Amino acid sequence: MAGTDYSSYLRIDELLDLQHPLTEGAHDEMLFVVIHQAYELWFKLILHELDDAVAELQAGRPQGAMAPLHRTVRVDELLIAQLRVLETLTPEGFLEFRDPLKPASGLQSGQFRAIEVLGGLDGTTPAGASPLSHHDQEELRRRAGLPTLFTALCASLRAHGLDAPVGDSPELRERRIEALATLYRDHTTPERAVLHRVCELLLDHDEAIARWRFHHSLMAAREIGSRPGTGGGGIAYLDGTIAQRFFPELWEVRNRL
Ligand code: HEM
């Protein structure tokens, strides 16, 4: 009978052949390479789950978005927990292999930018940073034309009779927040309970990424002090990103209850 085995199915040999530290003798560079690769794998899964959630919400099936959003939030928590592993890297251990990495930086993570775009941010890298790869730029252009999590949520709200139009004007925004407030004030029917749960899962995701930004900035300060980052930014840049929110209207609705 035809079959497979663990290492063929999971391509373990190829996977374990992908770690190539640049500095000979720098013990901690293996951690640095592995942890970035692990992040990119988790980002891949997050995008897989969020794309599914968007499709379900866009089709007016909020129930179908619950499982992928729940899984996303669990993975978000892992992203935060992994920073504790990175914090076992000492600043002097990092300096042993840091210079040859430049100008490589997390700034150039196309998948992180894609998660931002799904969250409704523009996903652009700051001026002066090295550009993303051609492939990443193409992928972000493709994604820019697709519904975001929030516009897809609005489609589901509308499919269930709530007045949640899409658009940037203050009047449309106000109508959406009022629709959300109506839902938050009363979510006792099964249909409304699902919509409310989806909103709270989206907020969990937003909060988790903000916590990751905060903890990543603290971790970076611990590693490099006030030096510029390998991508030319630094802690002040990172601190400026902590206040970003994917779904400001889900935060604003708290004020209307
Ligand atoms: C020693 C470890 C690390 C240090 C010192 C560090 C430091 C920094 C700094 C200073 C920046 C600002 C841009 C720059 O100048 O490079 C940055 C950006 C970034 N880093 Fe890290 N980082 C580390 C590890 C990681 C890891 C493991 C990830 C996981 C993928 C990551 C993801 C990112 C992302 C996504 C950005 C862009 C954030 C944004 O633009 O909002 N970093 N990092």
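The structure we're discussing is the one just above.
Bear in mind that the values here come from a model prediction, so they are computed numbers and not experimental data.

> Help me understand the nonpolar core, please; the structure alone is not making it clear to me.
Of all hydrophobic cores here, the largest spans 61 residues; its most connected members are L69, L149, L153, L157, L202 and L250. Contributions of two or more residues to this core are made by α3 (29-58), α4 (62-86), α5 (91-98), α6 (110-118), α8 (149-159), α9 (170-185), α10 (190-224) and α11 (235-241). If we skip the residues at most four places from it in the chain, L250 touches F150, L153, L180, Y184, C199, L202 and L203.

> What am I meant to see in the coordination of the iron atom of the ligand here?
In ideal tetrahedral geometry, four donors around a metal make angles of 109.5 degrees, whereas ideal octahedral geometry with six donors gives angles of 90 or 180 degrees. On the protein, H216 (NE2) is the one donor atom to the iron atom of the ligand, at 2.2 Å. Position of H216 among the secondary structure elements: in helix α10.

> Before we go on, may I ask you to explain the packing of aromatic side chains in this structure?
Aromatic ring pairs are reported here in terms of the distance separating the ring centres and the angle at which the planes meet. A complete count under the given rule lists nine aromatic pairs for this structure. Look at F94 and F97: their rings are 5.3 Å apart centre to centre, the planes differ by 65°, and that puts the pair in the edge-to-face class. One end of the pair is F94 and the other is F97, both in helix α5 and three residues apart, which spans about a single turn. The ring of W251 is capped by R245, whose NZ or CZ atom sits 5.5 Å from the centre of that ring.

> Would you explain the packing of α8 against α9 in this entry?
To characterise two packed helices, one gives the angle between the axes of the helices and the distance between these axes. Orientation of α8 relative to α9, taken along the N-to-C sense of each, is 60°, at an axis distance of 12 Å. In this view, α8 runs oblique relative to α9, as classed from their interaxial angle. Handedness of the α8/α9 crossing: left-handed. Between α8 and α9, the residues in contact are F150, C154 and L157 and R176, L180 and L183, respectively.

> Help me understand the pattern of salt bridges in this model?
All told, the structure shown has 21 salt bridges when counted by the stated rule. Residues R175 and E171 are paired through a salt bridge, measuring 3.3 Å at the closest nitrogen-oxygen approach. Of this pair, R175 and E171 are both found in helix α9, four residues apart, which corresponds to roughly one turn of the helix. A single network of salt bridges, built from pairs that share partners, joins D51, E139, R142 and R143.

Cut-offs applied
Every chain is numbered independently, its residues counted from 1 as its sequence is written. At least 70 in pLDDT is required for a residue's local features to be given in this predicted model, at least 80 for side-chain atom pairs to be given and counted, and no such filter applies to totals for whole chains, interfaces and linings, which use all residues. Excluding hydrogens and water, the side-chain figures rest on all heavy atoms present in the structure. Nonpolar cores were defined as sets of buried Ala, Val, Leu, Ile, Met, Phe, Trp, Tyr and Cys residues, with membership established by side-chain atoms within 4.5 Å. Using a 1.4 Å probe on the protein chains alone, a residue whose accessible area is under 20% of its type maximum counts as buried, one over 50% counts as exposed, and one in between counts as partly exposed. Each helix is a run of DSSP H or I of at least 4 residues and each strand a run of E of at least 2, with the numbering of both proceeding from the N terminus. In this analysis, two residues are considered to be in contact whenever any of their non-hydrogen atoms come within 4.5 Å of each other. Note on donors: an N, O or S atom is included if it sits within 2.8 Å of the metal, or within 3.2 Å for Na, K and Ca, and water is never included, so sites can look incomplete. Pairing of aromatic rings covers Phe, Tyr and the six-membered ring of Trp, with a centre-to-centre limit of 6.5 Å; geometry is then stacked below 30 degrees between planes, edge-to-face above 60, and tilted otherwise. We count a charge as sitting over a ring when the NZ of a lysine or the CZ of an arginine lies within 6 Å of the ring centre and within 35 degrees of the ring normal. Axes here mean lines fitted to C-alpha atoms, for a helix over just the part in contact, with angles spanning 0 to 180 degrees between N-to-C directions. In these notes the angle categories are as follows: under 35 degrees is roughly parallel, over 145 is roughly antiparallel, 65 to 115 is roughly perpendicular, and the rest is oblique. Handedness of a crossing follows from how the near helix is turned relative to the far one, being left-handed for an anticlockwise turn of less than a right angle and right-handed for a clockwise one. We define a salt bridge as a contact between a side-chain nitrogen of Lys or Arg and a carboxyl oxygen of Asp or Glu at a distance within 4 Å.

Everything listed here is a matter of geometry and, on its own, says nothing about what the molecule does.
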